[in-house]
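Chain by chain, the residues:
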Amino acid sequence: MRRAFFLALALAACSGGEQVAEHVARGKALLAEQKYEAAAAELSKATALDRNSAEAWLQLGHAYRGLKQYDTALAAYVAAKKIDRHSVAPHVAQAKVQLELGRVELATTELNFVVEMDPKNLEALILLGQVSQLPHKLPDGSFGVSRASLERAELNLQAATSLAPNNAEANYELARVSQKLGKPEQAAAARRQLESLAATDAAAAFLLKLKESK
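Rules used throughout
- Residues numbered from 1 in each chain as written.
- Predicted model: local features only at pLDDT ≥ 70, side-chain atom pairs only at ≥ 80, totals over all residues.
- Heavy atoms only, no water.
- Helix = DSSP H or I, 4+ residues; strand = E, 2+ residues; numbered from the N terminus.
- Contact = heavy atoms within 4.5 Å.
- Areas by Shrake-Rupley, 256 points an atom, 1.4 Å probe, with all protein chains shown as cover.
- Lys, Arg positive; Asp, Glu negative; His and termini not counted.
- Charge placed at Lys NZ, Arg CZ, Asp CG, Glu CD.
- Axes fitted to C-alpha atoms, helices over the stretch in contact; angles between N-to-C directions.
- Parallel < 35°, antiparallel > 145°, perpendicular 65-115°, else oblique.
- Left-handed = near helix turned anticlockwise from the far one by under 90°.
- Nonpolar A, V, L, I, M, F, W, Y, C, P; charged D, E, K, R; others polar.
- Polar contact = N/O pair within 3.5 Å; in protein donor to acceptor, adjacent residues only side chain to side chain.
- Salt bridge = Lys/Arg side-chain N within 4 Å of Asp/Glu carboxyl O.
- Buried < 20%, exposed > 50% of the residue type's maximum accessible area, 1.4 Å probe, protein only.

Asks: I'm lost on the overall build of the chain in this one. Help?
Replies: Helix and strand counts for the chain stand at eleven helices and two strands. Along the chain, helices (α) and strands (β) appear in the sequence α-α-α-α-α-α-α-β-β-α-α-α-α when read from the amino end. Dimensions along the principal axes, computed over C-alpha positions, put the chain at roughly 80 × 45 × 30 Å. Long-range contacts, defined as pairs at least 24 residues apart, comprise 47% of the intrachain contacts of the chain with a sequence gap of at least 6. Carbon and sulfur atoms make up 56% of the accessible area of the chain, which amounts to about 12,000 Å² in all. A gap of 2 Å separates the mean positions of the 26 positive and 24 negative side-chain charges of the chain.

Next up, the structure:
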């Protein structure tokens, strides 16, 4: 009898896990179609079935971000972080929301944590390079971009282009920050790489055109 009872529990757990996976898969497919409300409904079912599914909470955060319900999105990312403390994905996602809310310092904190955990995280390095070029509150109470902040951007973007020399966004941002720092040779080198990539990379061609328009 006891054996049958534990077998029934195991089967129920397996069935529940399959249902969670199905809801998450449907939610991700809806996210890809930018059907955020439907995605949130599917992913809410997944988190209701399994409160400890970090993936379900992460994807639910993406759905609420798409709906611009930022507080709810942040809460979902926090839940994912608590469940899987070794995953950097919720930190990157949370940083993006903080950026959309104009909270540069909070976004920077999240991204610095990611790079500490995973120094080769290309997305975080590029985002840090972008964030460090944004105006933020300075020690004297004014808003602006300090040279130290630009130099941090440069270091992160140099690391990004070293990891991925053919990444269009990393080269574009490195060219930008190099100009701001008064380093024309480095800016020209990044621009040449962008021009080379533009021949076969649509994203690079777009960024090159964007750069030329400024």
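Asks: Sorry, what's going on with the environment of P135 here?
Replies: By the secondary structure assignment, P135 is in the loop between α7 (122–131) and β1 (136–137). C-alpha of P135 to C-alpha of A198: the two residues are 63 residues apart in sequence and 29 Å apart in space. When residues no more than four places from it in sequence are discounted, the contact partners of P135 are V104, G144 and V145.

Asks: I keep staring at the packing of helix α5 (residues 89–100) against helix α6 (residues 104–117) and nothing clicks. Help me out?
Replies: For any two helices packed against each other, the geometry comes down to the angle between their axes and how far apart the axes lie. For the pair α5 and α6, interaxial distance at closest approach is 8 Å and the crossing angle is 160 degrees. One finds that α5 runs roughly antiparallel with respect to α6. Once α5 is placed against α6, the crossing between them reads as left-handed. Taken together, the residues of α6 that come into contact with α5 (itself represented by H91, V92, Q94, A95, Q98 and L99) are L106, A107, E110, L111, F113 and V114. In terms of residue class, the contact of α5 with α6 is made up of eight nonpolar, three polar and one charged.

Asks: Is there a simple way to think about the side chain of N121 in this case?
Replies: Mapped onto the fold, N121 is located in the loop between α6 and α7. Among the polar contacts listed, one links the side chain of N121 to the backbone nitrogen of A124, at a separation of 2.9 Å. What N121 contacts, discounting residues up to four positions off in sequence, is V88 and V114.

Asks: How do you make sense of the pattern of salt bridges when you look at a structure like this?
Replies: Any two side chains of opposite charge can pair, on the condition that their charged atoms come close. Following the criterion strictly, the structure yields ten salt bridges and no others. Note that K96 and E123 form a salt bridge whose closest N and O atoms lie 2.4 Å from each other. Of this pair, K96 sits in helix α5 while E123 sits in helix α7; the two residues are 27 residues apart in sequence, bridging distant segments of the chain. Judged by its relative accessible area of 23%, K96 falls in the partly exposed class. A salt bridge links K183 to E154; the nearest nitrogen and oxygen atoms lie 2.9 Å apart. Here K183 is found in the loop between α9 (168–180) and α10 (184–198), whereas its partner E154 is found in helix α8 (residues 147–163), with 29 residues between them in sequence. Taking the relative accessible area as the measure of exposure, K183 reaches 33% and is therefore partly exposed.

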